Structures are given as structure tokens and as C-alpha cells.
Amino acid sequence: MGKIEDLETINGEGYQLTTLDKAIGLARANSVWPLPFATSCCGIEFMATMGSMYDMSRFGMERMSFTPRQADLLIVAGTISKKLGPVLKQVYEQMAEPKWVLSVGACASSGGIFDTYSVLQGIDRIIPVDVYVPGCPPRPEQIIDGVMNIHKLVKKESMRRRYSDEYKHLLHDYKIEITNDEND
Ligand code: SF4
């Protein structure tokens, strides 16, 4: 969980200083709105993760977003067929920056056991992925571990990253139009 003490800070009597980057990172990491893109068994594990036993609300993440425009974490859980690929990509494109992607389970990450003509052999063939969760299926604890790794990335991310050439090249490689160009 986010605490101001976790950040690099300068403390004094009655004041505490940190960088804007780190303060924004802390706020973003503790207000992630996930969009579950669940297609099969890994989706069921994700539902268990959302239940009271595991309790995603401890991260402030119990509010699922079923519209891409109000989500900043795309959680892909399950087998993605090649036919479904363009739909997944469109959902990703409709999410506003900054956005992150969690690939849950072997199928989403690599096609899993379905090495067939009809199954996408990993969602990173069509969209960039930030964190992969291994397993078939992964247990809820593993999904939570993946979510916590996303939080670490979010906290550390510079506010400038989404405007960097490196990021623009990444999206260009995926043939995804950048929506937050500084010159817009
Ligand atoms: S990784 Fe295993 S559990 Fe998850 S969707 Fe594929 S077959 Fe199902």
C-alpha cells in the first residue's frame, strides 16, 4: 500500500518534500481502475481474486471498469483467439494514457497449451504488456502478485515516459496511434 514514507523524501519539522513524479506515481498506483478482459478459465481465477477471500479492495481496485475510457489497467485473462485479437487491440486503443497491461496466465501470455492455428500466441503480439503472470491457471495469490508488480511500475514511472521517443517507438512498432502527443 502507498505511504508517503515509501518515497524518497526530505523530512523536516512540519514539512515533507518529494518530487512531483513520485507524488503522482503514488496517487496513480493507489487509484488503479482495472478493465477485466476475461475469456476463459483464467477469468474464473480472476473472479475468485475479486471475492472477499482475497479482496482487491485493499488496493482500492474493487471498482471494475467495463468501459475502456474509464480504465487504466487492462487485465487480460484467458485464451485470445486470432479473431478476438482486433477487438482486444481496439479496447486497448480506447483506453486513455497512461495505461498498463497485465497478462494473466499461460494462454494470454503465450497461447498456453493451444498451439493451434486459431489462437493468438501471446497478446504481446498485438499490444504491449507490462507484467506477465505465469500459470495455468495462476492462483489468485499470483494474480495479486502481478497486480502489486504493476503498482511498483506505476509508482516508479516518470511523468515524461509517455511522451518519450522510446514509448512512441514502442507504440509505432505495434502500429498503435499515440494519443498524447505533446504537439497536439
Ligand atoms: S492458462 Fe490454463 S487456466 Fe488459463 S485460460 Fe489458458 S487453459 Fe485456462
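Before going into details, it helps to say that this report is about the structure given with it. Quantities reported herein were computed from a predicted structural model and do not represent experimental measurements.

## Topic: the sheet that holds strand 3 (residues 34-38)
Okay, so step 1: The strand order across the open sheet built from four strands is 3-4-5-6, with neighbouring strands paired in parallel fashion. Edge positions in the sheet fall to strand 3 and strand 6 (131-133), since each has one partner strand and no second. Direction aside, the axes of adjacent strands within the sheet are offset by 15° on average.
Okay, so step 2: With three bridges joining them, strand 5 (residues 100-104) and strand 6 adopt parallel strand pairing. Counterpart to V104 in the pairing with strand 6 is V133.
Okay, so step 3: Here helix 2 (residues 41-50) sits on the sheet and contacts strand 3, strand 4 (73-77) and strand 5; the angle it forms with strand 4, its principal contact strand, is near 125°.
Okay, so step 4: On the sheet, helix 3 (residues 85-94) packs against strand 3, strand 4 and strand 5 and is oriented at approximately 165° with respect to strand 4.

## A few points about the pattern of salt bridges
Okay, so step 1: Enumeration according to the criterion identifies four salt bridges in this entry.
Okay, so step 2: Linking R139 and E141 is a salt bridge whose minimum nitrogen-to-oxygen distance equals 3.0 Å.
Okay, so step 3: Taking relative accessible area as the criterion, R139 reaches 45% and is therefore assigned partly exposed.
Okay, so step 4: We classify E141 as partly exposed; its relative accessible area is 40%.

## Some thoughts on helix 1 (residues 20-29)
Okay, so step 1: Residues of helix 1 that are buried include every one of G25, L26 and A29, and no others. For helix 1, the arc enclosing every buried residue in end-on projection is 100°, short of the 170-degree limit, so these residues lie on one face.
Okay, so step 2: In this structure, the buried residues of helix 1 make contact with helix 5 (140-156).

## Some thoughts on the site of the ligand
Okay, so step 1: Close contacts around the ligand come from S40, C41, C42, G78, T79, A106, C107, F114, G135, C136 and P137, and that covers them all.
Okay, so step 2: Listing elements by their share of the shell around the ligand, those giving two or more residues are helix 2 and helix 4 (105-110).
Okay, so step 3: Partitioned by chemical class, the residues of the shell around the ligand number seven nonpolar, four polar and no charged.

Procedures and definitions
- Residues numbered from 1 in each chain as written.
- Predicted model: local features only at pLDDT ≥ 70, side-chain atom pairs only at ≥ 80, totals over all residues.
- Heavy atoms only, no water.
- Pairing = 2+ DSSP bridges.
- Helix = DSSP H or I, 4+ residues; strand = E, 2+ residues; numbered from the N terminus.
- Axes fitted to C-alpha atoms, helices over the stretch in contact; angles between N-to-C directions.
- Contact = heavy atoms within 4.5 Å.
- Salt bridge = Lys/Arg side-chain N within 4 Å of Asp/Glu carboxyl O.
- Buried < 20%, exposed > 50% of the residue type's maximum accessible area, 1.4 Å probe, protein only.
- Arc of directions from axis to C-beta.
- Near = heavy atom within 4 Å.
- Nonpolar A, V, L, I, M, F, W, Y, C, P; charged D, E, K, R; others polar.

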